Amino acid sequence: SQRMAIETDPSYGDCDQEAGKKGMRVARSIGLLSYRGSSAYNATQQENDNFFKVAGFRATTYQQYQGEKLSRRFNAYSYYRLSQAFDSHNIGRYRGGVENALASIQCPTLVVGISTDIIFPVSDQIYLYRHIPRAQLHLLSSEFGHDGFLVESDKLNDILKPFINGK
């Protein structure tokens, strides 16, 4: 969906650093729906009760702001290619499947799942934990979906520090 949004930008395809920026802003808005999820939006973007309000909603302006912020840091072609890399990645390719690839990991591994992450759901983290030898699993409770790893930095540090320090 994000790539389709970028492709709809009439400037996408132009040989210009600014090409596709409007489409990328829409793409970011689409992505935010899965990065944050409804619980985070309900907690941070609630409106005051105003029966007559028809524009300028907090969630809308937040989405616009985040799209603008991303378009200042990213080139649309880079964002597009990065999304393709996510879609095409397959750790099991040429390794006898995913389970064989995971079983070959020999380094200490910490798997962290975020309770409301719908991009990398807890069930996927449990799968990794079960198939990586000697892996550790920690679940982080957060209302902020995939972005929980950014928003809940103190909680995440409490999980990471002992692992990094070998405790």
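Overview of the structure.

Brief notes about the environment of S34
Tracing the backbone through its elements, the reader meets S34 in helix α2 (residues 21-35). For S34 and I119, which are 85 residues apart along the polypeptide, the C-alpha to C-alpha distance reads 6.7 Å. Ignoring any residue separated from it by four or fewer positions in sequence, one finds S34 in contact with I118, I119 and H146.

Some thoughts on helix α4 (residues 58-73)
Here α4 contains 16 residues, and its C-alpha end-to-end distance of 23 Å stays within 8% of the 22 Å for a straight helix at 1.5 Å per residue. Within the sequence span of α4, burial applies to Y62, Q63, Q66, G67, L70 and S71. Taken down its axis, α4 places every buried residue within 165° of arc, on the same side. The outward face of α4, more than 90 degrees from its buried face, is lined by the exposed residues Q64 and R72.

Conventions adopted
- Residues numbered from 1 in each chain as written.
- Predicted model: local features only at pLDDT ≥ 70, side-chain atom pairs only at ≥ 80, totals over all residues.
- Heavy atoms only, no water.
- Helix = DSSP H or I, 4+ residues; strand = E, 2+ residues; numbered from the N terminus.
- Contact = heavy atoms within 4.5 Å.
- Expected span 1.5 Å × (residues − 1).
- Buried < 20%, exposed > 50% of the residue type's maximum accessible area, 1.4 Å probe, protein only.
- Arc of directions from axis to C-beta.

Taken by themselves, the reported measurements are silent on function.
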